[in-house]
Amino acid sequence: MRNTPSTAGPTEEFSLLLPVYAGDDASFVRLAFESSVDQQTLRPAEAVIVQDGPVPEDLERELARIEAASPIPVTRVVLAENQGLTEALNRGLAACAYPIVARMDADDVSVPDRFERQWALIAQGYDLVGTGMAEFESDPAVAAAVRIPPVGAERIRDHARTHNPFNHPTMMYRVAALDRVGRYQPFGKMEDYWLGIRLIDSGARVENIPEPLLRYRVGAGAFSRRGGWDEARTEWRLQGELRRMGFITRGEYLRNVVMKGAYRLLPAGVKRVLFRGLVSGGLPGDRG
C-alpha cells in the first residue's frame, strides 16, 4: 500500500528503497536496514521493501520484525514470484511516496552521515548523487578495497565511456529524472550502468561524493559472477547501444568490445587482481 507523504520538513522528504530476495541473509538485512534508518543522521521519511518472490521463514520473520519495530513507516511490496532486480526496483519506485529515493542493497551497510551528505547535493538541484564505497568480506569495519567514483560532470561522462561511473547501491536520485529516461530497463546485470548512461545522455545533473559512504559486502563468488559468456555478450550488446546512441566513438566501441569482453572471460582470480588493482572505479554489472 502506498504511503501518504507527511508535511514535515526537508529531513523527511525521501524514500529508502530496499529490495530483498530468497538468497539474502536475515541478519544482513537487519544490519542494512538499521544502518540506513536507525543509525542515520538524516533518516528517510519511509522505507519501501520489495520482497522479490518467496523468502525463507527466518527472513520472513525479520521483515515482519522490521515492519513492527521501524521508527519510520515501512511499505512491503511482495512479488509472488522472483522477477529479478530490474522489475523489483521499478515496482518499488512505483510504491515510493516521495520524489527523492535512496537505494540500498540488503547486505550492505550505510555510513551514518551517508544520506545527510547526499541530500545536501540533491537540495542543490542534482538529479543523481552517488558515493564511494568500501568493499568488505565479513567485517564491515575491515575494508578489502575502496571504490572511488569520478567527481564532476565532465569526468563522470568521460568515465562512463569505459566504466560505470556510479556505484549502484549508493545512489540517491529524483524519480522524475528516471521517468524521463524510462526508469530501469532489463540489461542483464548491467541495468544500473544502462540507467546511468541514459541519465547522463538526457542532460540530468549528476554527481558523486568520493568518500566511501557505503560498505559493500563482497561474497565468495562475486568475481566469478562478474564473468562468463553471458556477461560478455551483455557487455558487447551494451557497447553496441552506446555506439548507436553516439555516446562513444567507433574507436572507443572497438576498444571496449575487445578489452571489456576479454575481462569478462578471464578466470575469477585474475579478475579479482585486475578489478582491485587497476580499475578502482568499478566495472558495470558487478552486483550478482
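Here the structure is shown first, and the text comes after it.
This is a predicted model, so every value here is computed, not measured. (Residues numbered from 1 in each chain as written. Predicted model: local features only at pLDDT ≥ 70, side-chain atom pairs only at ≥ 80, totals over all residues. Heavy atoms only, no water.)

A.B. asks: Hey, could you go over the overall build of the chain for me, with residue numbers and the actual values?
C.D. replies: Counting its secondary structure elements, the chain contains eleven helices and nine strands. Taken as a whole, the chain presents about 12,000 Å² of accessible surface, with 54% of it coming from carbon and sulfur. (Helix = DSSP H or I, 4+ residues; strand = E, 2+ residues; numbered from the N terminus. Areas by Shrake-Rupley, 256 points an atom, 1.4 Å probe, with all protein chains shown as cover.)

A.B. asks: Talk me through the pairing of strand E1 (residues 14-20); I want residue IDs and the actual numbers.
C.D. replies: Across the seven residues of E1, seven count as buried, placing the element largely inside the fold. With burial as the criterion, each face of E1 is covered, one bearing Phe-14, Leu-16, Leu-18 and Val-20 and the other bearing Ser-15, Leu-17 and Pro-19. In terms of strand pairing, E1 meets strand E4 (residues 100-103) through four bridges, oriented parallel. Looking across to E4, one finds that Leu-16 is bridged to Ala-102. (Buried < 20%, exposed > 50% of the residue type's maximum accessible area, 1.4 Å probe, protein only. Pairing = 2+ DSSP bridges.)

A.B. asks: Which residues make up the nonpolar core, and what values go with them?
C.D. replies: Counting residues in each nonpolar core, the largest one holds 36 residues, and the members touching the most others are Leu-17, Leu-93, Tyr-173, Leu-199 and Leu-242. Of all elements in the fold, only strand E2 (46-52), strand E3 (74-79), helix H3 (85-95), helix H5 (153-160), helix H6 (175-181), helix H7 (191-202) and helix H9 (229-244) reach the threshold of two or more residues within this core. Counting residues per element, this core draws most heavily on H7, at six residues. Those residues in contact with Leu-93 that sit more than four places away from it in its chain are Leu-17, Val-101, Tyr-173, Val-175, Leu-178, Arg-183 and Tyr-184. By size, the runner-up hydrophobic cluster in this structure holds 35 residues, among which are Val-20, Val-55, Ala-106 and Leu-121. (Core = buried A, V, L, I, M, F, W, Y, C linked by side-chain atoms within 4.5 Å. Contact = heavy atoms within 4.5 Å.)

A.B. asks: Explain the pattern of salt bridges residue by residue, including any values.
C.D. replies: Under the defined criterion, the tally for this structure stands at 17 salt bridges. Among the salt bridges present, the one from Arg-65 reaches Glu-34, with a minimum N-O distance of 3.8 Å. In this pair, Arg-65 is assigned in helix H2 (residues 57-69) and Glu-34 in helix H1 (residues 26-36), connecting sequence segments 31 residues apart. For Arg-65, a relative accessible area of 28% translates into the label partly exposed. Residue classification places Glu-34 among the partly exposed residues on the basis of a relative accessible area of 25%. Salt bridges sharing partners connect three or more residues here, namely Arg-30, Glu-34, Glu-62 and Arg-65. (Salt bridge = Lys/Arg side-chain N within 4 Å of Asp/Glu carboxyl O.)

A.B. asks: How would you summarise the packing of H5 against H7 if you had to cite specific residues and measurements?
C.D. replies: Two elements in contact, H5 and H7, have axes separated by 11 Å at closest approach and are oriented at 135 degrees. Classified by the angle their axes make, H5 and H7 are oblique. Relative to H7, H5 is oriented so that their crossing is left-handed. Note on element contacts: H7 touches H5 through Tyr-193, Ile-197, Ile-200 and Asp-201, opposite Ile-156, Arg-157 and Ala-160. (Axes fitted to C-alpha atoms, helices over the stretch in contact; angles between N-to-C directions. Parallel < 35°, antiparallel > 145°, perpendicular 65-115°, else oblique. Left-handed = near helix turned anticlockwise from the far one by under 90°.)

A.B. asks: So, the environment of Met-259: which residues are in play, and what are the values?
C.D. replies: Along the chain, the position of Met-259 falls in helix H10 (residues 250-265). Classification of Met-259 by relative accessible area gives exposed; the value is 55%. C-alpha separation for the pair Met-259 and Thr-162, spaced 97 residues apart in sequence, amounts to 9.8 Å.

A.B. asks: Lay out unusual backbone geometry in plain terms, naming residues and giving numbers.
C.D. replies: Residue Arg-183 is not a glycine yet carries a positive backbone phi of 55 degrees. Along the polypeptide, Arg-183 turns up in the loop between H6 and H7.

A.B. asks: Got a sec to walk through the packing of aromatic side chains? Specific residues and values, please.
C.D. replies: In the structure shown here, the tally under the stated rule is four aromatic pairs. Each ring, one from Phe-14 and one from Phe-115, has its centre 5.3 Å from the other, and the planes form 70 degrees; the classification is edge-to-face. Within this pair, whereas Phe-14 is found in strand E1, its partner Phe-115 is found in helix H4 (residues 114-122), the two being separated by 101 residues in sequence. Taking 6.5 Å as the distance between ring centres and 65 degrees as the angle between the ring planes, the aromatic pair formed by Tyr-173 and Tyr-184 counts as edge-to-face. With a gap of eleven residues between them, Tyr-173 in strand E8 (residues 172-174) and Tyr-184 in the loop between H6 and H7 connect regions that are remote in the sequence. For the pair Tyr-173 and Tyr-184, one class covers both residues: buried. One cation-aromatic arrangement involves Arg-147 over Tyr-216; the distance from NZ or CZ to the ring centre is 4.8 Å. Note that Arg-217 overlies the ring of Phe-28, its terminal NZ or CZ placed 3.5 Å from the centroid. (Phe/Tyr/Trp six-rings, centres within 6.5 Å; stacked < 30°, edge-to-face > 60°. Lys NZ or Arg CZ within 6 Å of the ring centre and 35° of its normal.)

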